[in-house]
Amino acid sequence: MAQYDVVVVGGGNAALCAAIEAAEAGARVIILESAPEHMRGGNSRHTRNFRCMHDGPLSVLTDSYGEEEYYDDLLRVTKGQTDPALARLAIRESEACLPWMEQHGVIFQGALSGTLSLDRTNAFFLGGGKALVNAYYACAEDLGIAIRYTAEVTHIDLSEGRFTAATLADGTRIEGRAVVLASGGFQADLDWLTRAWGPGAENFLIRGTPYNRGVVLRDVLDQGAQSVGDPTQCHCVAIDGRAPKFDGGIVTRLDCVPYALVVNRDGARFYDEGEDVWPKRYAIWGRLVAGQPDQIAYAITDQKAQGLFMPPVFTPVKADTLEGLAQVLGLPGTALADTVAAYNAACRAGTFTPGALDGLATEGLEPPKTNWARPLDTPPYYGYMLRPGVTFTYLGLKVSERARVQGALGPLPNVWAAGEILAGSILGQGYLAGFGMTIGTVFGRIAGQEAAAHAG
Ligand SMILES: Cc1cc2nc3c(=O)[nH]c(=O)nc-3n(C[C@H](O)[C@H](O)[C@H](O)COP(=O)(O)OP(=O)(O)OC[C@H]3O[C@@H](n4cnc5c(N)ncnc54)[C@H](O)[C@@H]3O)c2cc1C
């Protein structure tokens, strides 16, 4: 039976940051990654950027992005549902993380133009999250960290709250002086998702890894670890309904909504497509679609909208008439025609300005379309099927500012957590682009340092 100083559960960004910090502090470390080697890296391998505080230009980041502005951005998206101490810690520490990431092999590039306008706030990874994960694994190997793939942890042995060993699915026990839990959320367990959301969640698509099933989260909660966050809260965007059940990644996202009319299965509209600019609204559309019958919706555009948004990975359905489009999409033709006719009649003359709030709103329509409302009248017509795409769930472990997991009677003596598994402490609801990697990097590093110090 192997004995390590620090056992790290998970193989994504948070786990790797923790493992590297612990090994650099002199600890004997093992990474237990549920996925096989070619699938290693969890959701982190799908990422593109890291949101970072900075007082002046830093690496590829322009201008400055101070603590208060960053915190205000977080308060706005979470509607104040955050832990201020943990949130401010993540924000403040992000500045030192960027050079640390570069020192450990991550290469950044400036933001390309796109829908999110992030060149001041978010540093993009050259080669994406996959390159970041590969750089960290290479670093871990150089540091002599033991790495086991296809090593699903099914049980964390906590004897009176003290970690003794991790048990793998094949029964192997890996003993250690301290453990860092970095095994993500539970979104890939569709039964758990259905219990939390109710019927219909089986229709959700999971944008990332199939390995984040919350096995460790459930196991330690059952042993008295304190939880934070609401099981129904998650990051959920509208993605192409033809995306694979798991791991479709970033390319399946659809950005056409502001320039479209969005209808449900019955051909009826249900929300203002033009409520705000897309970077501030894309993250609500997954939940909106989830609330519709059969958890499905269809964005309809005409020729005028082509070229106004990032082209989707799957070719849209195209037809010369609305009736033809309805037929191919399986929508009730008359209902769709009535919806479009009512919308077209409510559109008013004005200046259409893509990308900025133009106030070109419908009149007398419920729900209204408050910006970019132009008649849908120029064939060919295009149809995009939308489904809720879950990025990650927010229910997680309660931790201290040193990332120590809280038990019923106080902090567990040798158990730390990092990444998505604690995201609920900081993200009560909503999401700020690039903040998942900030949470993982900041708390991964802290957890690794603390666990190594504990192990002595
Ligand atoms: C498509 C997509 C795009 C995204 N883009 C961004 C972005 O640009 N910027 C950003 O900040 N965030 C982004 N996110 C969110 C981001 O991926 C996460 O917040 C972040 O990667 C979480 O890191 P983590 O290490 O906690 O989890 P993960 O990277 O998911 O790692 C969890 C690891 O735990 C392993 N695991 C799970 N269960 C077990 C078990 N029982 N035993 C052993 N191992 C286990 C998994 O295999 C995996 O390796 C994106 C997510 C997705 C899906």
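## A short note on the overall build of the chain
- Within the chain, the secondary structure is distributed over 11 helices and 19 strands.
- Against the globule reference of 23 Å for 456 residues, the chain gives a C-alpha radius of gyration of 23 Å, in line with a compact fold.
- Across its three principal axes, the chain shows a C-alpha extent of roughly 70 × 45 × 40 Å.
- For the chain, the residues scored as buried account for 52% of the 456 residues in total.
- Taking contacts inside the chain between residues at least 6 apart in sequence as the whole, the part at least 24 apart equals 75%.

## Examining the nonpolar core
- Within the largest apolar cluster, 144 residues are counted, with the highest numbers of intra-cluster contacts made by Val6, Val8, Ala18, Ala19, Val180 and Leu181.
- Sorting elements by how many residues they give to this core places helix α11 (residues 435–455) first, with 10 residues.
- When residues of this core are assigned to domains, at least three fall in each of domain 1 (3–231 + 394–455) and domain 2 (237–389).
- Those residues within four positions of Val8 in sequence are excluded, and the remaining contacts are Ala15, Ala18, Ala19, Val29, Ile30, Ile31, Leu32, Val180 and Ala182.

## Topic: the site of the ligand
- Neighbouring the ligand are 43 residues; Gly12, Gly42, Gly208, Gly419 and Gly436 lie closest to it.
- Looking at the shell around the ligand, the elements with two or more residues in it are α1 (13–24), β3 (49–51), α6 (215–222), β16 (381–393) and α11.
- In terms of residues, the shell around the ligand owes the most to one element, α11, which gives four residues.

## Let's talk about the environment of Asp276
- With respect to the helices and strands, Asp276 occurs in the loop between β13 (261–264) and α7 (278–281).
- Residue classification places Asp276 among the partly exposed positions, given that 13 C-beta atoms sit within 10 Å.
- The sequence separation of Asp276 and Glu160 amounts to 116 residues, and the corresponding C-alpha distance is 51 Å.

## A short note on the sheet that holds strand β5 (residues 122–125)
- Here we have three strands laid out as an open sheet, ordered β3-β5-β4, and antiparallel in their pairing. Only two strands of the sheet have a single neighbouring strand rather than two, namely β3 and β4 (108–109).
- Both β4 and β5 contribute to a ladder of two bridges, which runs antiparallel. Counted as the bridge partner of Phe108 is Phe125 from β5.

## Details of the domain arrangement of the chain
- Here the chain is partitioned into domain 1 (3–231 + 394–455) and domain 2 (237–389).
- Put simply, the middle of domain 1 and the middle of domain 2, counted by C-alpha atoms, are 34 Å apart.

## A few points about the packing of helix α9 (residues 322–329) against helix α10 (residues 333–346)
- Direction vectors running N to C along α9 and α10 enclose 130°, while the axes themselves pass 9 Å from each other. By the angle between their directions, the pair α9 and α10 is classed as oblique. The interaxial crossing formed by α9 with α10 has right-handed handedness. Where α9 abuts α10, its residues Leu322, Glu323, Ala326 and Gln327 lie against Gly333, Leu336, Ala337 and Val340.
- Of the residues assigned to the contact of α9 with α10, the class counts are five nonpolar, two polar and one charged.

Scoring rules and cut-offs
Residues numbered from 1 in each chain as written. Predicted model: local features only at pLDDT ≥ 70, side-chain atom pairs only at ≥ 80, totals over all residues. Helix = DSSP H or I, 4+ residues; strand = E, 2+ residues; numbered from the N terminus. Rg over C-alpha atoms; globule rule 2.2 N^0.38 Å. Buried ≥ 20, exposed ≤ 12 C-beta atoms within 10 Å, placed from the backbone. Contact = placed C-beta atoms within 7 Å. Core = buried A, V, L, I, M, F, W, Y, C linked by C-beta atoms within 7 Å. Domains from an automatic or database assignment. Near = placed C-beta within 6 Å. Pairing = 2+ DSSP bridges. Axes fitted to C-alpha atoms, helices over the stretch in contact; angles between N-to-C directions. Parallel < 35°, antiparallel > 145°, perpendicular 65-115°, else oblique. Left-handed = near helix turned anticlockwise from the far one by under 90°. Nonpolar A, V, L, I, M, F, W, Y, C, P; charged D, E, K, R; others polar.

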